[in-house]
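Close look at the chain arrangement
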Amino acid sequence: SGCGICTKRCPFNAVDIINLPEALEDPIHRYGQNMFQLFGLPTINPGSVVGILGPNGIGKSTIIRILSGEMIPNLGNYEEESSWENIINYFKGSQLQNYFNKLSKGQIKVVHKPQMVDLLPRYVKGEVRNLLEQVDERGALESVVKTLDIKPIMDRELSKLSGGELQRIAIAAAVLKDADFYYFDEPTSWLDVRQRLNAVKVIRELTNEGKSVMVIEHDLAALDAISDYVHVLYGQSGGYGVVSHLRGVRVGINAYINGFLREENVRFRKRAIEFEVRPPTPEGEGQVIADYSSLKKSYDGFKLDAEEGEIYYNEIVTAFGPNGIGKTTFAKMLAEVIKPDAGKIKKKVTISYKPQYLDSEFEGSVEEFLYTHAPTYGTNIFKSEIMRPFAIEEILEKKVKDLSGGELQRLSVATTLSKPAEVYLFDEPTAFLDVEQRLVTARAIRKIIENRHAASIIVDHDIVFIDYISDRAMVFYGTPGQEGHATKPTELRSSMNSFLKDVGITFRRDKETRRPRVNKLDSYLDRNQKEIGEYYYLK
Ligand code: ADP
Ligand code: ADP
Ligand code: MG
Ligand code: MG
């Protein structure tokens, strides 16, 4: 691979740049010699939400660090100390001149919700209530706490919270402050579908007060629902990133899906992402690869029961529902990590399982990890079906302990797929992956289960990913943290319908790309689809 621009190997063959703009101007920032360079900055758009869409390692967090004033860009002169004066001069005559001028003088106030919320307890101590009361400059505490469902954890210590709880606290703390510009770096990680849409709601509400908002997001349905405009970022992960023109949200996301930016004349992916509507597997007609009786499991204060179900050869079954409803408990029973209190896996199958929480305690490099954990490592099939799509080569020498969230996820999915098995079971494989990596993961799973005449069960929260990959689906419902029920695997449309009815949202399809889009609450389509019970259009 390679586009001729550099000698590096592109991390994803799916995102090889096929044609690049003739000449890139001077970078806005360069981290050092032979290090990452950023070209261009997003547009500041008062009173609206601008989404940032692009692969990992392309400069998204760098942009937010610059715009929030945490880092003064160096315009490529990495050997000299940078100053705001230079930057203001550089942007003379553009809206960014005014922005940086005011920012450097403290005349505008910015708020930044960082990407890594799990680090929050290191910097902030104490109880949720105290923290949120202290930052409530907008006087919106009550309504934000309600929308984000924070009430049950108001009196908890920050250090005792899960990832999804910390994410909601971090979003709440950001929106409660009274600022001019709000920056959100990946606000949906760890959240379930309902929580994602509630986060969209409280963030969008800022624009009612004329605030300006920028959001980095990999969940296309959430990005679509939150943004008025988007900037697509393209380039080479870890090498350089270019900020495209500002586009309306529909057009921008469609350009991303098509892999082509018309105005810039840049193709950054060989093919468009295609949302094909597969014919549903007729119930009871598939050839059964695995089945289980109804399964029950109780913990102190929580109980799960799952309907008996069958998995067919060559199919991908997705499983979705709120956090704390028993999805991971169910996956662990199938993987025989825990024993059900009642019921059993009837037809014994070999299962290759990727847990939700990944263990990075391995002492040693990725290569050493693969030698001991991936039985097919070194074979040609491993190279073509796994190494290449998951871009494992570029992380081979890194220590497993030093991997980023996305890198560890890629390694885990790759290792799971390298094992010979009849059922491949993934618990939240898209966490920390960018849109391209989610797509690559979906394609790799599909190809491998077809080649090996196997099947796959995938727990996930990304509706666009679920839509793209599912043959059938199962729904988890009940009261999170108390009791959960799982339906048997069934047709995608009816599963999605009952799930969305529970969440209270409807989806339509984009006419051009056929990707699912969230309908605005109480819009004509929303009301109409609810009336006829079509929460999830396939057509
Ligand atoms: P994104 O948010 O799009 O994933 P980032 O803006 O975090 O990307 O990083 C872009 C690139 O810059 C990555 O290759 C990253 O490793 C590199 N980078 C980020 N911060 C630094 C830094 N402080 N020093 C050197 N390189 C950095
Ligand atoms: P999900 O994957 O849908 O978010 P889980 O299966 O992880 O849900 O958890 C469901 C419920 O069971 C949660 O309330 C969780 O706290 C509880 N739970 C999970 N594992 C244990 C355990 N080992 N001991 C006690 N409670 C548990
Ligand atoms: Mg980032
Ligand atoms: Mg789980």
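Residues numbered from 1 in each chain as written. Chains lettered and ligands numbered in written order. Predicted model: local features only at pLDDT ≥ 70, side-chain atom pairs only at ≥ 80, totals over all residues. Heavy atoms only, no water.

Before going further, it helps to spend a moment on the overall build of the protein chain. When helices and strands are counted, the protein chain shows 18 helices and 23 strands. On C-alpha atoms alone, the protein chain measures out to a radius of gyration of 23 Å, which is about the 24 Å that the 2.2 N^0.38 rule sets for 539 residues. Once the C-alpha set of the protein chain is aligned to its principal axes, its extents read approximately 70 × 55 × 50 Å. Pairs at least 24 apart in sequence give 70% of the contacts found in the protein chain among residues at least 6 apart. (Helix = DSSP H or I, 4+ residues; strand = E, 2+ residues; numbered from the N terminus. Rg over C-alpha atoms; globule rule 2.2 N^0.38 Å. Contact = heavy atoms within 4.5 Å.)

Let us now look at the packing of helix α5 (residues 128-135) against helix α7 (residues 163-176). It is at 8 Å that the axes of α5 and α7 come closest, and there the two elements cross at 20°. Considering their axes alone, α5 and α7 lie roughly parallel with respect to each other. With respect to the hand of their crossing, α5 and α7 are arranged in right-handed fashion. Of the residues in α7, those in contact with Val128, Leu131, Leu132 and Val135 of α5 are Ile169, Ala172, Ala173 and Leu176. (Axes fitted to C-alpha atoms, helices over the stretch in contact; angles between N-to-C directions. Parallel < 35°, antiparallel > 145°, perpendicular 65-115°, else oblique. Left-handed = near helix turned anticlockwise from the far one by under 90°.)

Another point: the confidence of the model for the protein chain. When pLDDT is averaged across the protein chain, the result is 92; 94% of the residues are at 70 or more. Between residues 1-16, whose pLDDT stays under 50, and residues either more than four places distant or in other chains, the model counts 38 contacts. Interface scoring of the predicted complex returns ipTM 0.95; its pTM is 0.93. (pLDDT = per-residue confidence, 0-100.)

What follows is about the site of ligand 2. In the vicinity of ligand 2, the contacting residues are Tyr299, Phe302, Pro322, Asn323, Gly324, Ile325, Gly326, Lys327, Thr328, Thr329 and Gly481. Here an oxygen atom of ligand 2 sits 3.0 Å away from a polar atom, N or O, in the main chain of glycine 326. At a separation of 2.8 Å, an oxygen atom of ligand 2 approaches a polar side-chain atom of lysine 327. No other element matches helix α11 (residues 327-334), which puts 3 residues into the shell around ligand 2. Looking at side-chain class alone, the shell around ligand 2 contains 4 nonpolar, 6 polar and 1 charged residues. (Near = heavy atom within 4 Å. Polar contact = N/O pair within 3.5 Å; in protein donor to acceptor, adjacent residues only side chain to side chain. Nonpolar A, V, L, I, M, F, W, Y, C, P; charged D, E, K, R; others polar.)

Near ligand 1 lie 13 residues; those nearest to it are Gly57, Gly59, Lys60, Ser61 and Thr62. Isoleucine 58 places a polar main-chain atom, nitrogen or oxygen, 3.1 Å from an oxygen atom of ligand 1. Note that an oxygen atom of ligand 1 is positioned 2.8 Å from one of the backbone N or O atoms of serine 61. Protein coverage of the free-state accessible area of ligand 1, which is 560 Å², stands at 65%. Residue classes in the shell around ligand 1 are distributed as 5 nonpolar, 6 polar and 2 charged. (Areas by Shrake-Rupley, 256 points an atom, 1.4 Å probe, with all protein chains shown as cover.)

In this structure, Val366, Leu370, Ile392, Leu417, Phe499 and Leu500 are the most contacted members of the largest nonpolar core, which totals 73 residues. Per element, the largest residue contribution to this core is 7 residues, and it comes from helix α15 (residues 435-451). Counting 40 residues, the second-largest nonpolar core is a separate cluster that includes Val175, Phe184, Val200 and Leu206. (Core = buried A, V, L, I, M, F, W, Y, C linked by side-chain atoms within 4.5 Å. Buried < 20%, exposed > 50% of the residue type's maximum accessible area, 1.4 Å probe, protein only.)

Of the positions making up helix α3 (residues 95-104), those classed as buried are Leu96, Tyr99, Phe100 and Leu103. Down the axis of α3, the sector holding all buried residues measures 90°, keeping them to one side. Residues of α3 that are buried sit in contact with α1 (60-67), α2 (84-90), β4 (110-113) and β5 (181-185). Two residues or fewer past α3, glycine 106 is found with a positive phi of approximately 70°. (Arc of directions from axis to C-beta.)

This part covers the coordination of the magnesium ion (ligand 3). Around the magnesium ion (ligand 3), the donor atoms from the protein are Ser61 (OG) and Gln115 (OE1), and they sit 2.1 to 2.3 Å away. Here serine 61 is found in helix α1, whereas its partner glutamine 115 is found in the loop between β4 and α4 (120-123), with 54 residues between them in sequence. The class for serine 61 is buried, based on a relative accessible area of 18%. Taking relative accessible area as the criterion, glutamine 115 reaches 28% and is therefore assigned partly exposed. (Donors = N, O, S within 2.8 Å, 3.2 Å for Na, K, Ca; no water.)

Our focus in this paragraph is the side chain of aspartate 460. Mapped onto the fold, aspartate 460 is located in the loop between β18 (455-459) and α16 (463-469). Nearest to the buried, unbridged aspartate 460 among oppositely charged side chains is arginine 438, at 5.8 Å. In terms of polar contacts, aspartate 460 uses its side chain to reach the side chain of threonine 430, at 2.8 Å. Engagement of the side chain of aspartate 460 in a polar contact is seen with the backbone nitrogen of aspartate 462, the distance being 3.0 Å. Look past the residues within four positions of aspartate 460 in its chain and what remains in contact with it is Ala319, Phe320, Glu428, Pro429, Thr430, Phe465 and Ile466. (Lys, Arg positive; Asp, Glu negative; His and termini not counted. Salt bridge = Lys/Arg side-chain N within 4 Å of Asp/Glu carboxyl O.)

Moving on: the pattern of salt bridges. What the rule picks out here adds up to 25 salt bridges. The residue arginine 156 makes a salt bridge to glutamate 165 at a minimum N-O spacing of 3.6 Å. Judged by relative accessible area, glutamate 165 falls into the buried class, the value being 15%. For lysine 398, the salt bridge identified is with glutamate 407, shortest N-O distance 3.0 Å. The class for lysine 398 is partly exposed, based on a relative accessible area of 34%. Here glutamate 407 falls in the buried class, since its relative accessible area comes to 13%.

Moving on, we come to the environment of serine 237. Structurally, serine 237 is set in the loop between β7 (229-236) and β8 (240-248). Under the relative-accessibility criterion, serine 237 is labelled partly exposed at 21%. For the pair serine 237 and glycine 54, spaced 183 residues apart in the sequence, the C-alpha separation amounts to 9.6 Å. A distance of 2.8 Å separates a polar side-chain atom of serine 237 from the backbone oxygen of asparagine 56.

Let us look at the coordination of the magnesium ion (ligand 4). Protein coordination of the magnesium ion (ligand 4) is provided by Thr328 (OG1) and Gln356 (OE1), with donor distances spanning 2.0 to 2.1 Å. You can see threonine 328 sitting in helix α11 and its partner glutamine 356 sitting in the loop between β16 (351-354) and α12 (366-373), a full 28 residues away along the chain. Each member of the pair, threonine 328 as well as glutamine 356, is classed as buried.

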